[in-house]
Structures are given as C-alpha cells and as structure tokens.
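Single-letter residue listing:
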Amino acid sequence: MASKIDILAKTEELKHRGTVAAGVENAAGHKNMLQLIQLRWIAVVGQITTIAIVIVGFGIQLPLPDMLKVLACLVAFNIASHLRWHERRVASNGELFLALLVDVGILTAQLSLSGGTSNPFAFLYLLQVILSAVLLETWSTWIIVAITSACLAGLSLFSDPLTLPPEHGNALSSLYVEGLLICFVLNAALLVFFITRIGRNLRAGDAQLADLRQRAAEEDHIVRMGLLASGAAHELGTPLATLSVILGDWRRMPEFSKNSELLEEIGEMQAQLQRCKSIVSGILLSAGEARGESSVKTTISTFLNDLAKEWCATRPIVSFAYENRIAQDMPVAFDSALKQMICNVLDNALEASSQWVSLEATREADALTLVVTDTGPGFAPAMLAQIGKPYQSSKGRPGSGLGLFFVVNVARKLGGTVTARNREQGGALVQLTLPLAAISLEEETPHGD
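Conventions used here
Residues numbered from 1 in each chain as written. Predicted model: local features only at pLDDT ≥ 70, side-chain atom pairs only at ≥ 80, totals over all residues. Heavy atoms only, no water. Helix = DSSP H or I, 4+ residues; strand = E, 2+ residues; numbered from the N terminus. Buried < 20%, exposed > 50% of the residue type's maximum accessible area, 1.4 Å probe, protein only. Contact = heavy atoms within 4.5 Å. Areas by Shrake-Rupley, 256 points an atom, 1.4 Å probe, with all protein chains shown as cover. Pairing = 2+ DSSP bridges. Axes fitted to C-alpha atoms, helices over the stretch in contact; angles between N-to-C directions. Parallel < 35°, antiparallel > 145°, perpendicular 65-115°, else oblique. Left-handed = near helix turned anticlockwise from the far one by under 90°. Nonpolar A, V, L, I, M, F, W, Y, C, P; charged D, E, K, R; others polar. Patch = residues over 30% accessible without salt bridge, like charges linked within 9 Å, V, L, I, M, F, W, Y side chains within 5 Å. Salt bridge = Lys/Arg side-chain N within 4 Å of Asp/Glu carboxyl O. Lys, Arg positive; Asp, Glu negative; His and termini not counted. Charge placed at Lys NZ, Arg CZ, Asp CG, Glu CD.

This part is about the overall build of the chain. Scanning the chain from N- to C-terminus turns up 13 helices and 7 strands. Residues classed as buried in the chain amount to 36% of the 449 residues present. Long-range contacts, defined as pairs at least 24 residues apart, comprise 74% of the intrachain contacts of the chain with a sequence gap of at least 6. Here the chain has roughly 25500 Å² of accessible surface; of this, 62% comes from carbon and sulfur atoms.

What follows covers the sheet that holds strand β5 (residues 367–374). The strand order across the open sheet built from 5 strands is β2-β4-β5-β7-β6, with neighbouring strands paired in mixed fashion. The two strands at the open ends of the sheet, each matched to only one other strand, are β2 (319–324) and β6 (417–422). Between one strand and the next, the sheet's axes are offset by a mean angle of 15°, whatever the strand orientation. Strands in contact with helix α10 (residues 300–314) are β2, β4 (356–364) and β5; relative to β2, the strand with the most contacts, it is inclined by about 180°.

This part covers the packing of helix α2 (residues 64–87) against helix α3 (residues 93–113). Two elements in contact, α2 and α3, have axes separated by 9 Å at closest approach and are oriented at 165°. Of the possible angle classes, the one that applies to α2 and α3 is roughly antiparallel. Considering only the axes of α2 and α3, their crossing is left-handed. In this structure, α2 contributes D66, M67, V70, L71, C73, L74, F77, R84 and W85 to the contact, and α3 contributes E95, A99, V102, D103, I106, A109, Q110 and L113. Classifying every residue of the contact of α2 with α3 gives 12 nonpolar, 1 polar and 4 charged.

It is the contact of α3 with helix α4 (residues 125–135), at a shortest axis distance of 10 Å, that shows an interaxial angle of 175°. Considered as vectors, α3 and α4 are oriented roughly antiparallel to each other. The residues of α4 that touch α3, namely those facing N93, L96, L100, D103, V104, L107, T108 and L111, are Y125, Q128, L131, S132 and L135. For the contact of α3 with α4, the class distribution of residues is 8 nonpolar, 4 polar and 1 charged.

Our focus in this paragraph is the environment of V371. Tracing the sequence through the fold places V371 in strand β5. For V371, a relative accessible area of 15% corresponds to the buried category. Along the sequence, V371 and L432 sit 61 residues apart, while their C-alpha atoms lie 6.4 Å from each other. Ignoring anything within four residues of it in the chain, the contact list for V371 reads S358, L359, E360, L429, V430 and Q431.

Okay, a negative patch on the surface next. Where like charges cluster on the molecular surface, the negative patch consists of E261, E264, E265 and E268. Judged by its relative accessible area of 58%, E261 falls in the exposed class.

See the structure below:
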C-alpha cells in the first residue's frame, strides 16, 4: 500500500514539474512571438519602401493594387497578432509555426506579383527557414523547408519574370545584382539582430528551467529530511514515554520524596523531558499533517509575543531585544513549521552571538516582516552568495547550513522571501518577509465599510 502511495505521489510530482517546465518554454515562446511581430512590422515598412522605389525611382511597372491588398492583409494579421499576444502570455510551437506559415504565404504572394524567382528578394525565404530552425521543433522546421521549397518551385513555373529597363547594364549597375546585394544585407542584418534577441530569450528560459530543477532538488532534499525526522520522532516516542513513567515512579518513592534536592532535580528532568516530547510532537505535526490541521488560530502579535517569550526562556541568551512594531493586529493561523522556521533563525543568531540577539516585527502593506540581528562575526561572502543552500555554513560542521535551508524553503512555499546581509557595525541581519494572504484567516474589511 505504501509503495502505491509513493508511486502516485511521484507521478503527481512529475506531472507538476512537467507542467512548470512547459510553462517556462511557452513563456519563452511568447517573447519569440513578439519578436516575429516586430519583424513583420519591419517587413511592412520594407515592402512599402521597396515598392515606392521600384515604381517611382526605376519606372518598373508592378501590379500595385494587388500588392497593396496583400500588404493590407499582412498589416491586418499583424494588428490581430499584436492584440492577441498582448493579452495572452503563452505561445506554443504550433502557434509559432502557423505565424511563420502566414509570413511565408505573404512573401510568396508578393513575389508572385513581382517577378517570381527573377525577383532578388526571393532569397528572403532563407530568413523564414533560419527563423523556423531557431524557434520551432524539428518536425515543424522541416515542414517549413518543404513548403518554402515548393513555393520557390511554383514561382519559377508560374510567375512572369520582371521586365527591367534596357538601359541597366551588368555587374553592380544591374538592378538584379543591386537587389541581390540589398537582399543579402537585409537578410544578414535581420538574422543577426533578431536571432541574437531570440537566443537571449532561449537562454533566459534555460536559466529559469535550471532554477526550477534546482528548487525541485532542494524540495526533494527537504522531503527526505522530513521523512528521516518523522521516523526518528516516532522511534523516540517510546523511550521518552518510558522515561516519563520512570520519573513519575521515582517521584513517589520514599527515597526521593523525602529528599528535596532530588525532588527538585526530578522536577527539572520532567520539565526537560516534556520539552523533548513537545519537540517530537512538533516534528510529527510538521511532517505528517496538513497546515490547516496542525495550525493554531491566533493573532500576529499574540503569536510573536508568545514565541519570543518562550524562546527567551528556553535559551541561554544574555540579552534578547524583542520589538513588536505591528500597529494593526489581525487574526492569522500559524503552524509548527512557521514557528520552527522563526526559531531556527533565532537559534542561528544565538550560536553566532550569545550576548545579544534582536527580533523586530513590522507589518508593511500586505506583508509581515521579521528582522533578526546579532553581533557575531557575520556571514562569509561565499555563504551570502549561496544563502539557503544546503551544506553552506560558516560553522565548519558536516551537514551545517540546513537550518537556513529549511527557513528559505518554508518561506518560499508561502510565497515569502529570506534575505541576509552583514551589518556595517558588525554582526549579521536576516530578514523574513511573509505575505499576509498566506497566513491570514479571513479577508480584512476596509475601514469605513
């Protein structure tokens, strides 16, 4: 039964990761679609300019009404594309493929009206093929290659060649050679400009996917640690219960009940044992229960005040400066994981600075901000650059750094952030920012309603 549950959980996890990865790729596709729209506007301007120069400058007759109709179709399609992709943020391979097919169709229509393969701008097909190779999946690119080849063959068979004025000669004075040079420069410039930008989009998408994979690995690490912790907590439950019974028996035995010093020590042992049992219960709650089942309904100020009081009473701190600057309290639900997260930050500060630790709580707009400061040696520069990564610690112990790793992951699960820096006057500062929407029990009613 357990193996089936593990398989189902793993399947859901893989589906989620696949969905996230697909979302990143589609986001990059959206940016590339915007690049195609910009390229299409350049094509509109270029076609208008070329038609005007050819007709007015060189006196070559072209079917102007038909060419303007094709140009109007291109403008209309691009306006519709701009409106669609301005609102929609996802572009798939199929949609990019259709957009490039429209561009190939428009180019074919214009070439068929202006000389077919005798028009030097027929080499613009190469631009479409190269763009498809960069933007599309392999099967889509080969379809574009086949379609452009068929279009070029059709133009050579069914289009009438351009009738050039007889006064134009050969070499560079030939209109065809001049048009060929212009087409080459245009192709090269557009390819360098747009493929550079498209490549930047693809690299950004790859970087985002790498970040998501890193997060997934870190979450797997957290899951494994949670399973280990919950297993250890279950194993510790029995000996702790046995010790509790033994201490209760000792307390009633005449040899101990008559000795006040021994009774005091037994009372201290029972208190510490109760604390151990509370820690074990907290681990089990964090590892095995949903947040809504293990959460405690309270207010921000009450929770933080109680946490600060409990932490200060159970740690060997010389001076603990706690300041609650939350002017407007609100009902929230805090669970053991959140409590443990805040205590981890305080414990790290205490290890670095046993004389003085500070906790400051503020509410800014829709977020709760907790700032923990100390007067210790601060973070090493290498650790600041890798804050929250496992096994990144200045304590010099194997396995260290897991405290901040846990803190960063819990905060990230709630949509919050963790930042750290060294203070100019010495010591370190760690800031936790949590959105109130992730912990609030109800929507706040605006004042005056």
